[in-house]
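If you want the building blocks of each chain, they are given just below.
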Amino acid sequence: MHILVYGAGALGQAIGCLLAEDGHRVDLVLRPRFVEAVQTAGLSVTGIFGDHHAPPERLSALTHLKARSGEHYDIVLLTTKTYDTDAALADIAGLHRCYCPVVSMQNGCGNLEKLEERLGRERSLAARVITGFEIERPGVVRITVSADAVHVGGCVRGVIPAAAKRLAEALSHAGLPSIAVPDIYQPLFAKLLYNCALNPLGAILGVHYGALADNIETRALIDQVIDETFAVITTMGGSTPWPDAASYRKVFYREQVPATYNHRPSMLQDLEHRKPTEVDAMVGYVAAQGRKYGVPTPCCEFLAALVRFKQEQARQAP
């Protein structure tokens, strides 16, 4: 396939490397500081799924899409931060002769709905990724943890689009376990539960996930976030693989936290690099939907406010 990875940070570079190594033609839209490394040495991936390398001749490193305005792609993988979704979609929609599927591989909730509104139902897909990626240095990404396979699906519940099957097969063959599913909203909501429980609190306190679950005080806050998030999902008409919040907590503490025990929150990494966070696609999203549907979410509201405060502090720091 000819694949465009738009917004290639750690996740996008890792996926681009795996797919290019496996024989696909990959174009990457990424930040200027990564271009020279990719053009000179290609991309490398290390970590729990082994060592991989894609030489520079198998990759195109771009800082914008202007040079590719008439290019035909088989699929576009959207890996930007959620606050860049609108701008990214405007850019992608401007590609002439390109009407291929676009897959949101982003954090949080609400991105698939934006794709559907801008591009139409047929072109809009999403992937739930619950794997940790970190850039060690330009051109080298480490895969640190993985709690589950990548799930890929479309807008219509009960239907698995052909593009979802094709992408899942390509990712699995390239070394990243993936499956196509008939209801992508369910794993997205499941990831929302996991992310809301750990990411903002870890960012505020500056600790890895395991430290939060090991402490009785932070564990109580986690439990409240899970209760609020589950209540919002249910009231919205969504579902998760678990019948109630208590059932999810058993899986969360027994399986998910141990699998990602040493992982440092993406929001914490963003704050350390003085970048905006994705708080409004996580606890901010839960709080906003809670207000819309009349579900109280005091803990999510509080955590979202604290993250925004730290975000503003980081932005104003000399």
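See above for the structure.
Note that this is a predicted model, so its numbers are computed, not measured.

## Considering the sheet that holds strand S9 (residues 131-137)
Next up, step 1: Pairing within the open sheet is mixed, and its four strands lie in the order S4-S3-S10-S9. Each edge of the open sheet is held by one strand with a lone partner, namely strand S4 (52-54) and S9. Sheet twist, expressed as the average angle between the axes of neighbouring strands with direction ignored, equals 20°.
Next up, step 2: Examined bridge by bridge, strand S3 (residues 43-47) and S4 share three bridges and lie antiparallel to one another. Paired with valine 45 across the two strands is histidine 52, which belongs to S4.
Next up, step 3: Of the strands in this sheet, S3, S4, S9 and strand S10 (140-146) touch helix H1 (residues 10-21), which is tilted by about 80° from S4.

## Thoughts on the layout of surface pockets
Next up, step 1: Put simply, the largest pocket is a space of about 1,100 Å³.
Next up, step 2: As for the largest pocket, its lining consists of 43 residues, of which Gly9, Ala10, Leu11, Lys81 and Lys275 are closest to the centre.
Next up, step 3: For the lining of the largest pocket, the element with the highest residue contribution is S9, accounting for five residues.
Next up, step 4: Of the residues assigned to the lining of the largest pocket, the class counts are 17 nonpolar, 17 polar and nine charged.

## Focus: the nonpolar core
Next up, step 1: Grouped together as the largest cluster of nonpolar side chains are 50 residues, with contacts concentrated most on Leu192, Leu198, Ile222, Ile226 and Phe252.
Next up, step 2: Counting residues per element, the ones that place at least two in this core are helix H6 (185-205), helix H7 (209-214), helix H8 (216-235), helix H9 (245-259), helix H10 (266-272), helix H11 (283-293) and helix H12 (298-316).
Next up, step 3: Broken down by element, this core gets its largest block of residues, 13 residues, from H6.
Next up, step 4: Setting aside residues no more than four positions away along its own chain, isoleucine 222 makes contact with Ala197, Leu198, Leu201, Leu212, Ala213, Phe252 and Tyr253.
Next up, step 5: Ile3, Ala10, Ala127 and Phe133 belong to the second largest nonpolar core, which has 41 residues in total.

## As for the pairing of strand S8 (residues 124-128)
Next up, step 1: The buried fraction of S8 is high, at five of five residues.
Next up, step 2: Residues of S8 alternate between two faces, with Ser124, Ala126 and Arg128 on one and Leu125 and Ala127 on the opposite face, all of them buried.
Next up, step 3: Pairing geometry for strand S7 (residues 102-104) and S8, over three bridges, is parallel. Its bridge partner being in S8, valine 103 is matched across the sheet by leucine 125.
Next up, step 4: Note that the unit made of S7, helix H4 (residues 111-119) and S8 has a crossover that is right-handed.
Next up, step 5: Looking at chain direction, S8 and strand S11 (residues 150-154) are connected through four bridges and run antiparallel. Residue alanine 127 lies in a different strand from S11, and its bridge partner there is valine 152.

## Here we look at the packing of aromatic side chains
Next up, step 1: All chains considered together, the criterion is met by four aromatic pairs.
Next up, step 2: Ring geometry for tyrosine 248 and phenylalanine 252: centres 5.7 Å apart, planes at 45°, overall tilted. On the criterion of helical spacing, the pair formed by tyrosine 248 and phenylalanine 252 is a turn pair, its members being four residues apart in helix H9.
Next up, step 3: We classify phenylalanine 252 as buried; its relative accessible area is 0%.

## Let's talk about unusual backbone geometry
Next up, step 1: One non-glycine residue, arginine 274, adopts positive backbone phi at about 60°.
Next up, step 2: Residue placement: arginine 274 occurs in the loop between H10 and H11.
Next up, step 3: On the basis of relative accessible area, arginine 274 is assigned to the partly exposed category, the value being 49%.

## A look at the pattern of salt bridges
Next up, step 1: Under the definition given, this model contains 14 salt bridges.
Next up, step 2: Across the pair lysine 81 and aspartate 270 runs a salt bridge whose closest N-O atoms are separated by 3.2 Å. Taken together, the positions of lysine 81 in the loop between strand S6 (75-78) and helix H3 (85-93) and aspartate 270 in helix H10 put the pair 189 residues apart, joining distant regions of the chain.
Next up, step 3: The partly exposed category is assigned to lysine 81, whose relative accessible area is 22%.
Next up, step 4: Residues glutamate 278 and lysine 81 are paired through a salt bridge, measuring 4.0 Å at the closest nitrogen-oxygen approach. Here the residue glutamate 278 occupies a position in the loop between H10 and H11, and lysine 81 occupies one in the loop between S6 and H3, the gap between them amounting to 197 residues.
Next up, step 5: Classification of glutamate 278 by relative accessible area gives buried; the value is 3%.
Next up, step 6: Within this structure, Lys81, Asp270 and Glu278 form a network of salt bridges that share partners.

## Describing H9
Next up, step 1: Taking 1.5 Å of rise per residue, 15 residues should cover 21 Å, and H9 covers 20 Å from first to last C-alpha, within 8% of that figure.
Next up, step 2: Within H9 the residues assigned to the buried category are Ala245, Tyr248, Arg249, Val251, Phe252, Tyr253, Gln256 and Val257.
Next up, step 3: For H9, the elements touching its buried residues are H6, H7 and H8.
Next up, step 4: Residue aspartate 244 occupies the N-cap position of H9, its side-chain oxygen lying 3.3 Å from the main-chain nitrogen of alanine 246.

Procedures and definitions
Residues numbered from 1 in each chain as written. Predicted model: local features only at pLDDT ≥ 70, side-chain atom pairs only at ≥ 80, totals over all residues. Heavy atoms only, no water. Pairing = 2+ DSSP bridges. Helix = DSSP H or I, 4+ residues; strand = E, 2+ residues; numbered from the N terminus. Axes fitted to C-alpha atoms, helices over the stretch in contact; angles between N-to-C directions. Contact = heavy atoms within 4.5 Å. 1 Å grid on protein atoms, 1.4 Å probe; cavity = no way out; pocket = protein on both sides within 12 Å on 5 of 7 lines; lining within 4 Å. Points joined across faces, edges and corners; volume = space filled by probe spheres on them. Nonpolar A, V, L, I, M, F, W, Y, C, P; charged D, E, K, R; others polar. Core = buried A, V, L, I, M, F, W, Y, C linked by side-chain atoms within 4.5 Å. Buried < 20%, exposed > 50% of the residue type's maximum accessible area, 1.4 Å probe, protein only. Right-handed = clockwise from strand over helix to strand, strands pointing away. Phe/Tyr/Trp six-rings, centres within 6.5 Å; stacked < 30°, edge-to-face > 60°. Salt bridge = Lys/Arg side-chain N within 4 Å of Asp/Glu carboxyl O. Expected span 1.5 Å × (residues − 1). Polar contact = N/O pair within 3.5 Å; in protein donor to acceptor, adjacent residues only side chain to side chain.

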